[in-house]
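Fold and geometry: a report
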Amino acid sequence: MPARPREPNWRALLRSWDAQQESFNPARERRFDAMFDILEVTQPATMHVLDLGSGPGSLTARLLRRFPRAESTAVDFDPVILRVGRGALTRLRSRVRWVEADIGGPSWARELPRRRYDAAISTTALHWLGPSQLRRLHREVRRLLRPNGVYLNGDFLPWGPRESGLRKISEAVRFAKYGRLGSEWVGWNRWWRDLAREPTLRPLLKEREERFAHSSHSKVQLSDDFHLRSLRAAGFREVAVVWQEMENRVMLAR
Ligand SMILES: C[S@@+](CC[C@H](N)C(=O)[O-])C[C@H]1O[C@@H](n2cnc3c(N)ncnc32)[C@H](O)[C@@H]1O
């Protein structure tokens, strides 16, 4: 009988994912911490959290380590990324539910294992959504949160088209502080190329290709102001940027 291909080293894949993400966002860990500081003072130790566009679970893993009684529902629609997450987070398995769903679509909330959450959190993911998808997501999240629940989104939320001067300043500060950062797409493409060498992932990679052929990455980068307005329109009463390094921001809504 032919030998079964060996399983990839899932934890190493998650580590290389983190390195790749950090190469263009050196403030990534500080941004995670800023989000958790807010959860710490607003939510119970036993909080149930929804991680939107979870990727392979970087945010969820850190959350569960910092709050040992918390639980997370991690939602993503990429079957390969979810497989990496499931493989890498086995030690936290009892506190994570992985959900394969398109948060840009109308019915993802039906796939969730719970009807109410203490917090909805997300990092570097919601910029994939277009304007109407984001508005719909905000309304859905508002419905899913408990009365004292919070929404926290850490992402690059650019200044709007009328603030091109601010954008230039932002780029200059980024360069002065960090030098020439690794390009997002170089690191991203390399990570996927390495993954394609794993024989056990081939069927899932094929499925991913088909799934992504019907879904597109948003071409529009929605401004911080768009996010603020959309969250208010969804019924959140208090909305603000609570952590920021130029365009890299954490937006809180309650
Ligand atoms: C750059 S990754 C960030 C992952 C993780 N939050 C992190 O900070 O490392 C963006 C993730 O969003 C997911 N994503 C993008 N659009 C999505 C959608 N419509 N539904 C579900 N997940 C989506 C992608 O599959 C990808 O895993």
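Before any of the text, the structure's been laid out above.
To start, this report covers the structure provided alongside it. Since the structure is predicted, the reported quantities are computational estimates derived from the model, not experimental observations.

Examining the site of the ligand
Taken together, 20 residues surround the ligand, and among them Arg28, Asp76, Asp102, Ile103 and Thr123 come closest. Within the side chain of Asp102, a nitrogen or oxygen atom sits 2.7 Å from a nitrogen atom of the ligand. Here a nitrogen atom of the ligand and a backbone polar atom of Gly104 are 3.4 Å apart. Bound to the protein, the ligand loses 98% of the 600 Å² it would expose on its own.

Observations concerning the pattern of salt bridges
By the definition in use, this model includes 18 salt bridges. The partner of Glu247 in a salt bridge is Arg167, and the shortest N-O contact between them spans 3.4 Å. Linking Glu247 in the loop between strand S6 (239-245) and strand S7 (248-253) with Arg167 in helix H6 (residues 164-178), this pair joins segments that are 80 residues apart in sequence. Several salt bridges share partner residues, and in doing so they unite Asp18, Arg28, Glu29 and Arg62 into one network.

Considerations on the pairing of S7
In terms of residue burial, S7 counts as a mostly covered element, since six of its six residues are buried. Burial of the side chains of S7 extends over both faces: Asn248, Val250 and Leu252 are buried on one face and Arg249, Met251 and Ala253 on the other. Direction of pairing for strand S5 (residues 145-156) relative to S7: antiparallel, over a ladder of six bridges. Bridging across to S7, Tyr151 finds its partner in Ala253. Judged from the six bridges that link them, S6 and S7 form a sheet pairing that is antiparallel. Paired with Glu245 across the two strands is Asn248, which belongs to S7. The turn linking S6 back onto S7 is made up of two residues, and Met246 within it adopts a positive phi angle of 55°.

So, unusual backbone geometry
Phi at Thr124 takes a positive value of approximately 50°, unusual for a residue other than glycine. By secondary structure assignment, the location of Thr124 is in the loop between strand S4 (117-123) and helix H5 (131-144). We note that Met246 has phi near 55°; this positive angle belongs to a residue other than glycine. Mapped onto the elements of the fold, Met246 is located in the loop between S6 and S7.

Section: the nonpolar core
Core analysis: the largest hydrophobic core is formed by 42 residues, its most contacted members being Leu39, Leu63, Leu89, Ile121, Leu152 and Trp192. Tallying contributions element by element places helix H2 (residues 28-42) first for this core, with six residues. The residues contacting Ile121, other than those within four sequence positions of it, are Met35, Leu39, Val49, Leu50, Asp51, Leu52, Leu59, Leu63 and Leu152. Ala101, Ile103, Trp108 and Phe226 belong to the second-largest nonpolar core, a separate cluster that totals 29 residues.

Comments concerning H2
Helical geometry: 3.6 residues make up each α-helical turn, so side chains three or four residues apart lie on a common side. Its 15 residues place the ends of H2 22 Å apart at the C-alpha level, agreeing with the 21 Å of an ideal helix rising 1.5 Å per residue. Turning to H2, its buried residues number three or more, namely Arg28, Arg31, Phe32, Ala34, Met35, Phe36, Ile38 and Leu39.

Quick notes on the rules
- Residues numbered from 1 in each chain as written.
- Predicted model: local features only at pLDDT ≥ 70, side-chain atom pairs only at ≥ 80, totals over all residues.
- Heavy atoms only, no water.
- Near = heavy atom within 4 Å.
- Polar contact = N/O pair within 3.5 Å; in protein donor to acceptor, adjacent residues only side chain to side chain.
- Areas by Shrake-Rupley, 256 points an atom, 1.4 Å probe, with all protein chains shown as cover.
- Salt bridge = Lys/Arg side-chain N within 4 Å of Asp/Glu carboxyl O.
- Helix = DSSP H or I, 4+ residues; strand = E, 2+ residues; numbered from the N terminus.
- Buried < 20%, exposed > 50% of the residue type's maximum accessible area, 1.4 Å probe, protein only.
- Pairing = 2+ DSSP bridges.
- Core = buried A, V, L, I, M, F, W, Y, C linked by side-chain atoms within 4.5 Å.
- Contact = heavy atoms within 4.5 Å.
- Expected span 1.5 Å × (residues − 1).

Geometric descriptors of this kind do not, in isolation, establish any biological role.
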